[in-house]
Amino acid sequence: MNVDPQKEQYEGFTGRLYFIGILIALAMLLLVTRLWILQIVRWDEFRAKSTSNRLRIQRLEPPRGMIFGRDGLRSDVVLADNRAARDLLFVPADCDRDPEEICRRLNEMIGIDEAALLKKIRKSDKENQPHRQILIKKDIPRSVAGRVEEYAYALPGVFTLVRPVRRYVYGRTGGQLLGYLSEVNRKELNASDGIYRMGDLKGRSGLERLYEDTLRGSDGRMLVTKFATGVPQLRTDPYGNPYVENLVDSYGHNLRVEKEIEPAIAGKSIHITLDIGLQAKAEELLKGEEGAIVVLNADTGETLALASSPGYDPGVFVSRRGSRERMEILLGKPNRMINRAFQEVYPPGSTYKVLMAAAALEEGIIDENTTFTCWGRFHLPGVSRPWHCWRRSGHGKVNVVDALAFSCDVFFYEVGQRLTVDRIKEWSTKLGMGEKTGLDMPGEVPGLIPSREWKEKRLKPAHPNEPWEYRWYPGETVNLSIGQGSATATPLQCAVLMAAVVNGGYRVRPYLNEANAQKPGERLLSDKTVSLIQQGMLKCVVKGPPAPSGTGHAAYIEGMSIIGKTGSAQNVNLKHQEQYENDEDIPKELRDHAWFISGVLDLEPRIAVSVLVEHGHHGSRVAAPLAKDIIEYFYASRDEQDDPLLMTQSASPATGGDRP
Ligand SMILES: [Zn+2]
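This report concerns the structure included in the present document. (Residues numbered from 1 in each chain as written. Predicted model: local features only at pLDDT ≥ 70, side-chain atom pairs only at ≥ 80, totals over all residues. Heavy atoms only, no water.)

## Observations regarding the pairing of strand S12 (residues 291–297)
Test applied: Each residue is placed in one exposure class: buried if its accessible area under a 1.4 Å probe, protein chains only, is under 20% of its type's maximum, exposed if it is over 50%, and partly exposed if it falls in between. Numbering goes from the N terminus for both helices and strands, where a helix is a DSSP run of H or I of at least four residues and a strand is a run of E of at least two. Whether two strands pair depends on DSSP finding at least two bridges between them.
The buried fraction of S12 amounts to seven of the seven residues, a majority that puts the element mostly inside the structure. Of the two faces of S12, the one holding Gly 291, Ile 293, Val 295 and Asn 297 and the one holding Ala 292, Val 294 and Leu 296 are both buried throughout. Examined bridge by bridge, S12 and strand S13 (residues 303–309) share six bridges and lie antiparallel to one another. Across the sheet, the residue bridging to Val 295 is Ala 305, located in S13. The hairpin turn running from S12 into S13, its antiparallel successor, is five residues long, and Gly 301 in that turn takes a positive phi close to 90 degrees. Where S12 and strand S20 (residues 607–613) come together, seven bridges link them in antiparallel fashion.

Written as structure tokens, this is what we have:
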């Protein structure tokens, strides 16, 4: 075969060419794939890396949302806002003199720890970070800041940084309701997904806690170029606005702002129904006692006062004052952290007779003509031990009106036996006893109205084969009929009960945030029931003679239709008290809690008031006068405000602090 050697050579060449081509193609493919992986697949990862090398987000803190309340007829009264706190700082790079001299001058002027400051200055020097902002003193008073400003020429390198700090305008008044702030902990920091930073404050109780997300606002940000590992150092003008043009890092490198500032968005404000003047009055009345006063608008459930004693000033938690004061508030006795109006329970005592009367009238067990005779004691068939009326000599023949007015126990023992525990429980639930009222605050407790199921559930596990241990006995119904035994309630629940009596039989849901206003639910009590209970409770407050005074006559105000019911919540076994001849001799811790629940029928707005004084012993002597003072104050404050000249006389804000 004749073979063309050229052709053979050529074919061999093209073969190699193909081979090389394929190799090149493969290599290209590899490169492209690699590039694709780098550019597309891992692009985000690389971008993040390179960005973090170059750019840094400088955070701008938002001011916290304000809390507004009312004062009499005035609305939009500032209860919590933000003041401008001034931190005193030192920047070595800005100081052209001997830092020791500056430290000495500062100490002479405002008293600082010279040695500690010098140590910090030397440290930044050693680490070559001359632009680091060294904290001299946190949150200095305005007078001190003024003096530093005045002598600025002699204090090169010293400047103030302004930041917003929470201020509680009325100090301790309403403090427990507003709540307090404290720094986030490590765990919260990790779980917050970047929302919180080290040193941030967070609402821990009350409204500050409940509305943390609303009040906090959102951070402002600016992107700055970062040329080194130094930390950006922010400066502010006297109003707290950041100086963007002079932004440097702690090495002194200028940082260029890459992106316009995204300003911090202040937290949203909330408006609450609290009447700060009334709250101040209620807290003043409770001074030196442990107890609570609740005032509700009986028709709407607006919470006008929710006083608890002792309270605390939440400003202590954000102030420059020491941590000892904070620890005392948190751990001291008596407990200041609980609001006794809705976070503590007490036996409702005789105030529960209002509910008993309502249930019995609605169930048709009694009517206006039903009478029972009180001989001072009550017997159950087969039980040798009698139950006594508080009035040992007895009340004689009483109807429901007199039973409420004079608080006859025997009348309600009789009523209770006819109602049975089941219907008592049913009406308690309807009228808001033994369950949370739904107040828009954290930590409300439900109290307890016992039932057959409750007792069985509680005791059967321990005594499965002894039914007598967990069975409900008629004697327990006797105790429940006058609000004793296992029954407990909060002062707020009693106010909700009173509201229904005042407003004609509607259960209201108490609320503090104006945004949570709700229409009352269905009507629970008939006109006739409401009218009879009101008659009894009016008679309770009437001052005799000619008719005998009711147990609540200390709350009587001439010309006002005030209804009321006293109560003494048995605190310890009566035997402990009986060893003392006079009430005055009984040690305070053994005395009963004093109740007075009341309402006003003929003035606008109609209000329901609930007063509890721990160990006050007698509702009639201790709690009723407080209700009277509160009612008087409430309507007087609204009258006065018709006259603009007197408008300034209501609650005065606590002094101190200034607005940014
Ligand atoms: Zn009686």
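Let us keep going from here.
## Notes on the coordination of the zinc ion
Filter applied, for reference: Counted as donors are N, O and S atoms no farther than 2.8 Å from the metal, or 3.2 Å for Na, K and Ca; water is not among the atoms, and sites may therefore look incomplete.
For the zinc ion, the protein coordination sphere consists of Cys 374 (SG), Cys 389 (SG), His 395 (ND1) and Cys 408 (SG), at 2.1 to 2.4 Å. Sequence spacing of the donors to the zinc ion: C-x14-C-x5-H-x12-C. Remark: Cys 408 occurs in the loop between helix H13 (400–406) and helix H14 (409–430) and Cys 374 occurs in strand S14 (residues 372–374); sequence separation between them is 34 residues. Given the relative accessible area of 1%, Cys 374 is considered buried. Note on Cys 408: relative accessible area 0%, which makes it buried.

## Some words on the packing of aromatic side chains
To keep it simple, the criterion reads: Side-chain rings of Phe, Tyr and Trp (the six-membered ring for Trp) are treated as a pair once their centres are within 6.5 Å; stacked means planes under 30 degrees apart, edge-to-face means over 60, and tilted covers the remaining angles. Whether a charge lies above a ring is judged from NZ of Lys or CZ of Arg, which has to be within 6 Å of the ring centre and within 35 degrees of the ring normal.
For the coordinates displayed, the defined rule picks out nine aromatic pairs. When the centroid spacing of 6.3 Å and the interplanar angle of 90 degrees are considered together, the rings of Tyr 346 and Trp 595 count as edge-to-face. With Tyr 346 in the loop between helix H11 (323–331) and helix H12 (352–362) and Trp 595 in strand S19 (residues 593–600), this residue pair connects regions lying 249 residues apart in the sequence. The residues Tyr 346 and Trp 595 share a single accessibility class, namely buried. Plain terms: the ring middles of Phe 378 and Tyr 413 are 5.3 Å apart, the flat faces sit at 40 degrees to each other, and that makes the pair tilted. Here Phe 378, found in strand S15 (residues 377–378), pairs with Tyr 413, found in helix H14; they are 35 residues apart in sequence, far enough to count as distant. Tyr 413 matches Phe 378 in its accessibility class, with the two residues each being buried. Three or more aromatic residues joined by ring pairs form one cluster here, namely Tyr 180, Tyr 312 and Phe 317. The residue whose ring lies beneath Arg 385 is Trp 387, and the NZ or CZ to ring-centre distance is 4.7 Å. Stacked on the ring of Trp 427, the Lys or Arg Lys 430 has its end atom at 4.0 Å from the ring centre.

## Some remarks on the environment of Tyr 151
Mapping Tyr 151 onto the fold places it in the loop between helix H5 (142–150) and strand S5 (158–168). On the accessibility criterion, Tyr 151 (35% relative accessible area) is partly exposed. Taking the C-alpha atoms as reference points, Tyr 151 and Arg 105, 46 residues apart in sequence, are found 10.0 Å from one another.

## Points about the sheet that holds S12
Consider a sheet: its strands pair through backbone hydrogen bonds, and that pairing is either parallel or antiparallel. What counts is decided by this rule: Helix axes use the C-alpha atoms of the stretch in contact, all axes being lines fitted to C-alpha atoms, and the angles between their N-to-C directions lie in the range 0 to 180 degrees. For this analysis, residues touch if any pair of their heavy atoms sits within 4.5 Å.
Pairing within the open sheet is antiparallel, and its five strands lie in the order S13-S12-S20-S19-S18. A single partner strand is all that each edge strand has here, and the edge strands are S13 and strand S18 (562–569). On average, each strand axis in the sheet is tilted by 5 degrees relative to the strand beside it, whichever way the strands run. Its contacts with the sheet put helix H18 (residues 491–503) on S12, S13, S18, S19 and S20, and the angle it makes with S20 is roughly 150 degrees.

## Notes on the pairing of strand S3 (residues 74–90)
Among the 17 residues that make up S3, 14 are buried, leaving the element largely enclosed by the rest of the structure. The pairing of strand S2 (residues 67–71) with S3 spans four bridges and is classified as antiparallel. Bridge pairing links Ile 67 to Ala 80 in S3. The antiparallel pairing of S2 with S3 creates a hairpin that spans two residues between the two strands, and Gly 72 there sits at a positive phi of about 60 degrees. As paired strands, S3 and S5 are joined by 11 bridges and run antiparallel to one another. Bridge assignment links Leu 89 to a residue of S5, and that residue is Phe 159. Bridge count for S3 against strand S4 (residues 134–140) is four bridges, and the pairing is antiparallel. Counted as the bridge partner of Arg 86 is Ile 140 from S4.

## Some words on the side chain of Glu 188
By secondary structure assignment, the location of Glu 188 is in helix H7 (residues 186–191). Ignoring sequence-local partners within four residues, the contact set of Glu 188 consists of Glu 183, Lys 202 and Arg 204.

## Looking at the packing of H12 against helix H19 (residues 527–541)
For clarity, the cut-off: Crossing chirality is assigned from the near helix's rotation relative to the far helix, an anticlockwise turn below a right angle marking it left-handed and a clockwise turn marking it right-handed. Residue classes follow a fixed rule: Ala, Val, Leu, Ile, Met, Phe, Trp, Tyr, Cys and Pro count as nonpolar, while Asp, Glu, Lys and Arg count as charged, and any other residue, Gly among them, counts as polar.
Running from N to C, H12 and H19 cross one another at 145 degrees; their axes reach a closest spacing of 10 Å. Judged by the twist between their axes, the crossing of H12 over H19 is right-handed. On H19, the residues touching Val 354, Ala 357, Ala 358, Leu 361 and Glu 362 of H12 are Thr 529, Leu 532, Ile 533 and Met 537. Residue classes in the contact of H12 with H19 are distributed as seven nonpolar, one polar and one charged.

## What to know about the pattern of salt bridges
Let me state the cut-off plainly: The salt bridge criterion pairs a side-chain nitrogen of Lys or Arg with a carboxyl oxygen of Asp or Glu, the two atoms within 4 Å.
Overall, the coordinates contain 30 salt bridges when judged by the stated rule. Glu 188 is the partner of Arg 204 in a salt bridge, and the nearest nitrogen-oxygen pair spans 2.7 Å. Of this pair, Arg 204 sits in the loop between strand S7 (201–203) and helix H8 (206–210) while Glu 188 sits in helix H7, and the two are 16 residues apart along the sequence. For Arg 204, a relative accessible area of 21% corresponds to the partly exposed category.

## Considering the packing of H12 against H14
For clarity, the cut-off: Angle categories: roughly parallel below 35 degrees, roughly antiparallel above 145, roughly perpendicular from 65 to 115, and oblique for all the rest.
Orientation of H12 relative to H14, taken along the N-to-C sense of each, is 75 degrees, at an axis distance of 8 Å. The pairing of H12 with H14 is recorded here as roughly perpendicular in orientation. For the pair H12 and H14, contact is made by Tyr 352, Lys 353, Leu 355, Met 356, Ala 357, Ala 359, Ala 360 and Glu 362 and by Asp 409, Phe 412, Val 415, Gly 416, Leu 419, Ile 424, Trp 427 and Ser 428, respectively. By residue class, the composition of the contact of H12 with H14 is 11 nonpolar, two polar and three charged.

## A closer look at a nonpolar patch on the surface
As a reminder, the rule being used: Exposure above 30% relative accessible area and no salt bridge define the residues that can form patches, which grow by joining like charges within 9 Å and nonpolar side chains of Val, Leu, Ile, Met, Phe, Trp and Tyr within 5 Å. Here, Shrake-Rupley sampling with a 1.4 Å probe gives the accessible areas, and only protein chains in the shown set may cover a residue.
On the surface, Phe 19, Ile 20, Ile 22, Leu 23, Ile 24, Leu 26, Met 28, Leu 29 and Leu 31 cluster together to form a nonpolar patch covering roughly 930 Å² of accessible area. Of note, Leu 31 is situated in helix H1 (residues 5–41).

## With respect to the side chain of Gln 534
Topologically, Gln 534 is positioned in helix H19. Relative accessible area serves as the criterion here: at 16%, Gln 534 is assigned to the buried category. Once residues within four sequence positions are removed from consideration, Gln 534 is found in contact with Val 501, Val 502, Ile 563 and Leu 601.

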